[in-house]
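Working through the structure, step by step
Each chain, letter by letter, is given below.
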Amino acid sequence: MAGTPRNPMTLAEVEATARAAHEGQADKAGRPYAEHLQAVAEGVRTRGGDEDQTAAAWLHDAVEDDALSEQWLNEAPLSARTKNIVLAVTKRPGESPEAYAERILSTPGALLVKEADLAHNADPARLARLTDEATRQRLTEKYAHMRALLGLAQQPPGL
């Protein structure tokens, strides 16, 4: 019911929701998508992120991938900060990389989540699983460009 206060979701509930939402999805290398979500959440934790950022890490691709709707996110018992971070890192159709980076940089807490996402996406071991060299090269360049736009070091830190 609208207006009825609810207890915020725990991180375990956020994780379970994200895993369920992405159930059956695979990454470009054919691995279960939940592995990427877990790696990004762990990357946020190891970089000193807080609970809001960790929750956003679990949900960072949910709206973009249509695994969960923006309406679900708006109504979910999550902090406003978590919701803002998820929306900041949600790439919109037709959006320029520059506009996307600017939104991330202007949203408190979002840069750390995107940094962890890029670190996992650009992990050489993960990229090596891609069988298509052209895709591997395109993604490597895409991630390096985004890191540059965000002012992050060119070589992603270890996971």
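Bear in mind the structure is a predicted one, so any value in this text is a computation, not a measurement. (Residues numbered from 1 in each chain as written. Predicted model: local features only at pLDDT ≥ 70, side-chain atom pairs only at ≥ 80, totals over all residues. Heavy atoms only, no water.)

**Overview of the overall build of the protein**
In plain terms, the rule: Numbering of helices and strands runs from the N terminus; a helix is a DSSP stretch of H or I covering at least four residues, while a strand is a stretch of E covering at least two. Computation of the radius of gyration draws on C-alpha atoms, with the globule rule given as 2.2 Å multiplied by the number of residues to the power 0.38. Working definition: with a 1.4 Å probe on protein chains only, accessible area under 20% of the residue-type maximum means buried, over 50% means exposed, and in between means partly exposed. Any two residues whose heavy atoms approach within 4.5 Å are treated as being in contact. Residue-level accessible areas treat just the shown protein chains as cover; the underlying method is Shrake-Rupley with a 1.4 Å probe. Charge convention: Lys and Arg are scored as positive, Asp and Glu as negative, and His as well as the terminal groups of each chain are ignored. Where a charge lies is defined by one atom per residue type, namely NZ (Lys), CZ (Arg), CG (Asp) and CD (Glu).
Of regular secondary structure, the protein possesses 9 helices and 0 strands. Over its C-alpha atoms the protein spans a radius of gyration of 15 Å, differing by no more than 12% from the 15 Å that the globule rule assigns to 159 residues. In terms of overall dimensions, the protein has C-alpha extents of about 50 × 35 × 30 Å along its principal axes. For the protein, buried positions account for 43% of its 159 residues. Contacts in the protein between residues far apart in sequence, at least 24 positions, make up 60% of those at least 6 positions apart. Of the roughly 8,300 Å² of accessible surface on the protein, 52% is carried by carbon and sulfur atoms. On the protein, the mean spot of the 18 positive side-chain charges and the mean spot of the 24 negative ones are 2 Å from each other.

**Regarding helix 3 (residues 51–59)**
As a reminder of what qualifies: Definition of a polar contact: a pair of N or O atoms within 3.5 Å, with one able to donate and the other able to accept a hydrogen when the atoms are protein atoms, and with sequence-neighbouring residues admitted only if both atoms are side-chain atoms.
Taken across its 9 residues, helix 3 has 7 buried, putting it largely inside the fold. Looking at the buried positions of helix 3, the neighbouring elements they touch are helix 1 (11–21), helix 2 (33–46), helix 4 (70–75), helix 5 (80–88) and helix 7 (110–121). Sitting at the amino-terminal end of helix 3 is Asp50, which places a side-chain oxygen 3.1 Å from the backbone nitrogen of Asp52.

**Some details on the side chain of His22**
The topology assignment puts His22 in the loop between helix 1 and helix 2. The buried category is assigned to His22, whose relative accessible area is 2%.

**Thoughts on the environment of Ala101**
Counting through the fold element by element, Ala101 comes out in helix 6 (residues 97–105). The exposure class of Ala101 is buried, given its relative accessible area of 2%. In this structure, the C-alpha to C-alpha distance between Ala101 and Met146, residues 45 residues apart in sequence, is 7.2 Å. Filtering out sequence-adjacent residues up to four positions away, Ala101 remains in contact with Met146, Leu149 and Leu150.

**Re the nonpolar core**
Keep this limit in mind: In this description, a nonpolar core means a group of buried Ala, Val, Leu, Ile, Met, Phe, Trp, Tyr and Cys residues linked to one another through side-chain atoms lying within 4.5 Å.
Counting 42 residues, the largest nonpolar core has Val14, Leu59, Leu78 and Leu150 as the members making the most contacts within it. Among the secondary structure elements, those contributing two or more residues to this core are helix 1, helix 2, helix 3, helix 5, helix 6, helix 7 and helix 9 (133–149). Non-local contacts of Leu150, meaning those with residues more than four positions away in its chain, are made with Ala101, Ile104, Leu105, Leu111, Lys114 and Leu118.

**Focus on helix 6**
Stated precisely, the cut-off is as follows: The directions considered for the arc are those from the helix axis to the C-beta atoms.
Within helix 6, burial applies to Tyr100, Ala101, Arg103 and Ile104. Seen end-on, helix 6 carries its buried residues on one side only, within an arc spanning 160°. On its buried face, helix 6 is in contact with helix 5, helix 7 and helix 9.

**Here's the deal with the pattern of salt bridges**
Keep this limit in mind: Just to be clear on terms, a salt bridge is a Lys or Arg side-chain nitrogen sitting within 4 Å of an Asp or Glu carboxyl oxygen.
Inspection of the entire model under this criterion finds 10 salt bridges. Residue Glu35 is joined to Arg31 by a salt bridge in which the shortest nitrogen-to-oxygen separation is 2.6 Å. Of the residues examined, Glu35 reaches a relative accessible area of 33% and is grouped as partly exposed. Here the salt bridges do not stand alone but share partners, grouping Asp50, Asp52 and Arg81 into one network.

**Quick look at the packing of aromatic side chains**
Condition: Two rings from Phe, Tyr or Trp (for Trp, the six-membered ring) form a pair when their centres are within 6.5 Å of each other. A pair whose planes differ by under 30 degrees is stacked, one over 60 is edge-to-face, and the rest are tilted. Counted as over-ring charges are cases with an Arg CZ or a Lys NZ within 6 Å of the ring centre that also lie within 35 degrees of the ring normal.
According to the stated counting rule, one finds 0 aromatic pairs in the structure shown. If you follow Lys91 out to its NZ or CZ, it ends over the ring of Tyr100, 5.6 Å from the centre.

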